[in-house]
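# Coordinates in review
What follows is the residue order along each chain.
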Amino acid sequence: MKKLITTVAMVAATSAISMQAQAQSRDYINIVGSSTVYPFSTVVAERFGKSTQFKTPKVESTGSGGGIKLFCQGVGVQFPDITNASRAIKSSEVEMCKENGVKGIVEVLIGFDGIVIGNSADAKQLDLSRKDLFLALAKQVPDPKGGETLVANPYKMWSDVNPALPKTKIEVLGPPPTSGTRDAFVELVMEEGCKEIDWIAHIEEQSKAESDAAKSKQLKNKFKGICHTVREDGAFVEAGENDNLIVQKLNANPNALGIFGFSFLDQNIDQIQGSAIDGQDPTFESIADGAYPVSRPLYFYVKKAHVDMIPGIREYLAEFTSKKAAGEEGYLTEKGMIPLNSDRLDDVRQKVESLTTL
């Protein structure tokens, strides 16, 4: 029995050492994060793998929030090297990273993207305002009877929200809370539409004017609670991080709308179309010149401690921030990314070369 126990222990120890050695010898870049940045990152990874002596990086779509959470778990080859994000990293997430020993984070701005509210190409294109979208999707809305009170969202049809809209059921397929697209939609669409209601906008104004920090925070939280909370009665359907699944569902139900990045619309323009928002169609040009009201920056974040641990990270960064990739006529524009201008790209490249951290 003692021999058997010893043998089992030796096998377990050998297995653990083998697994540890395998982990320590990882020779490819591990990337997680945003589903919006995923197609751009994948293209760069594939070109990088074919044109250099390094292995093609592994890229996973986990959502911005999910990717940052994985990224922040620690330093070492068992943790991701890079996380893609369709929003800026939050201060609370930077603190989470620090608590786990991830202290050197390099932020890389790669370009811009628009958030699209689209439907099947076979359906009628809609012209929506951000106020329409807030009233359609907020958990609580101002009482239609008047006054400065909130009620559970009573609107079932788009025509209930705005008589100019069709008499079709409100059904919007969107990303989960872990998604940067969800965060950006809430801030750039829901919140801005919410501010169109004077008495709610006044709450935010009060929070900024309040000298007492605790009261200011309370008012700010009240404002965000009204403007950022999405209804949960079936009108908004969480469709996960798989944008392809949203396209399938939109084709199956022409009355439904979906929320996704412009780059995804651009790649599926034969199947889906974007709604106009506040009178502006989502196009490459309207996002680039700022006319389209719902656009956001795209990033990825690099763990500085891994740069000299994992082969190829410096070279991958150089490829991603090169003019041939991210420039105004780079290959990422073919995938729908709105590029930085040359001066801004030069600035990003300099920060990447020097590994300037947050």
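Under an unreviewed UniProt entry, the protein has the name PstS family phosphate ABC transporter substrate-binding protein and belongs to Alteromonas ponticola.

Turning to the nonpolar core, a few remarks are in order. In this structure, Leu-128 and Trp-158 are the most contacted members of the largest nonpolar core, which totals 53 residues. Leave out the neighbours within four places in its chain, and Trp-158 touches Leu-128, Asp-132, Leu-133, Ala-136, Leu-165, Pro-166, Thr-168, Lys-169, Ile-170, Glu-171, Val-172 and Leu-257. Counting residues in each nonpolar core, the second largest holds 46 residues, with Ile-82, Ala-85, Val-102 and Val-106 among its members.

Turning our attention to the packing of helix α7 (residues 180-194) against helix α9 (residues 213-228). Axes are the key here: two packed helices are described by the angle between their axes and the distance separating the axes. At a minimum axis distance of 8 Å, the contact between α7 and α9 shows a crossing angle of 100°. By the criterion of interaxial angle, the relationship of α7 to α9 is roughly perpendicular. Seen from α7, the contacting residues are Val-186, Glu-187, Met-190, Glu-191 and Cys-194; seen from α9, they are Phe-223, Ile-226, Cys-227 and His-228. Within the contact of α7 with α9, the residues separate by chemical class into six nonpolar, one polar and two charged.

Relative to the helices and strands, Asn-119 resides in strand β4 (residues 105-120). A relative accessible area of 2% places Asn-119 in the buried class. A polar contact of 2.9 Å, which involves the side chain of Asn-119, links it to the backbone oxygen of Lys-124. Excluding its chain neighbours within four sequence positions, the residues that come into contact with Asn-119 are Lys-124, Leu-126, Leu-250, Pro-254, Ala-256, Leu-257, Gln-271, Ile-272 and Gln-273.

This part covers the packing of aromatic side chains. Geometry of an aromatic ring pair is reported as the spacing of the ring centres plus the angle between the planes. Overall, the coordinates contain seven aromatic pairs when judged by the stated rule. On the basis of an interplanar angle of 80° and a centroid distance of 5.8 Å, the ring pair of Tyr-316 and Phe-320 is categorised as edge-to-face. Highlighted residues: Tyr-316 and Phe-320, both in helix α13 (residues 313-320), separated by four residues, approximately one helical turn. Here the two residues Tyr-316 and Phe-320 agree in accessibility, since each one is buried. Pairwise contacts between aromatic rings join Phe-48, Phe-54, Phe-300, Tyr-316 and Phe-320 into one cluster. Above the plane of the ring of Tyr-28 lies Arg-26, whose end atom (NZ or CZ) is 5.5 Å from the centre.

What follows deals with the pattern of salt bridges. Per the counting criterion, the structure on display carries 19 salt bridges. Among the salt bridges present, the one from Glu-319 reaches Lys-324, with a minimum N-O distance of 3.4 Å. Classification of Lys-324 by relative accessible area gives exposed; the value is 53%. A single network of salt bridges, built from pairs that share partners, joins Glu-191, Glu-192, Lys-195, Glu-204 and Lys-208.

Attention now moves to helix α5 (residues 130-137). Residues spaced three or four apart along an α-helix point in a common direction, a consequence of the helix completing one turn every 3.6 residues. Judged by how many residues are buried, α5 sits mostly within the fold: seven of eight residues are covered. Here α5 has its buried residues at Arg-130, Asp-132, Leu-133, Phe-134, Leu-135, Ala-136 and Leu-137.

It is worth spelling out the state of the cysteines at this point. Taken as a whole, this structure holds two disulfides when the rule is applied. Covalent S-S linkage joins Cys-72 and Cys-97, the inter-sulfur distance amounting to 1.9 Å. Looking along the S-S bond of the Cys-72-Cys-97 disulfide, the torsion reads about -70°, which is the left-handed sense. You can see Cys-72 sitting in the loop between α3 (64-71) and β3 (82-85) and its partner Cys-97 sitting in helix α4 (residues 91-99), a full 25 residues away along the chain. Just as Cys-72 is buried, Cys-97 falls in that class too. Shown here is the disulfide that connects Cys-194 with Cys-227, its sulfur atoms set 2.1 Å apart.

It is worth spelling out unusual backbone geometry at this point. Despite not being glycine, Asp-278 has its phi angle at roughly 50°, a positive value. If you trace the backbone, Asp-278 turns up in the loop between β12 (276-277) and α12 (284-288). At Leu-355, a residue that is not glycine, the phi angle is positive and equals roughly 55°. Tracing the backbone through its elements, the reader meets Leu-355 in the segment after α15 (342-353). Since its relative accessible area comes to 7%, Leu-355 is described here as buried.

Taken across its 16 residues, β4 has 14 buried, putting it largely inside the fold. Taken together, the nine bridges between β4 and strand β13 (residues 295-303) define a ladder with antiparallel strand orientation. Across the sheet, the residue bridging to Gly-114 is Ser-295, located in β13. Strand direction decides the pairing type here: β4 and strand β10 (residues 257-261), joined by four bridges, are antiparallel. Bridge assignment links Val-116 to a residue of β10, and that residue is Phe-260. Pairing geometry for β4 and strand β11 (residues 272-274), over three bridges, is antiparallel. Bridge pairing in β11 links Gly-118 to Gly-274.

What counts, and where the lines are drawn
Residues numbered from 1 in each chain as written. Predicted model: local features only at pLDDT ≥ 70, side-chain atom pairs only at ≥ 80, totals over all residues. Heavy atoms only, no water. Core = buried A, V, L, I, M, F, W, Y, C linked by side-chain atoms within 4.5 Å. Buried < 20%, exposed > 50% of the residue type's maximum accessible area, 1.4 Å probe, protein only. Contact = heavy atoms within 4.5 Å. Axes fitted to C-alpha atoms, helices over the stretch in contact; angles between N-to-C directions. Helix = DSSP H or I, 4+ residues; strand = E, 2+ residues; numbered from the N terminus. Parallel < 35°, antiparallel > 145°, perpendicular 65-115°, else oblique. Nonpolar A, V, L, I, M, F, W, Y, C, P; charged D, E, K, R; others polar. Polar contact = N/O pair within 3.5 Å; in protein donor to acceptor, adjacent residues only side chain to side chain. Phe/Tyr/Trp six-rings, centres within 6.5 Å; stacked < 30°, edge-to-face > 60°. Lys NZ or Arg CZ within 6 Å of the ring centre and 35° of its normal. Salt bridge = Lys/Arg side-chain N within 4 Å of Asp/Glu carboxyl O. Disulfide = S-S within 2.5 Å. Pairing = 2+ DSSP bridges.

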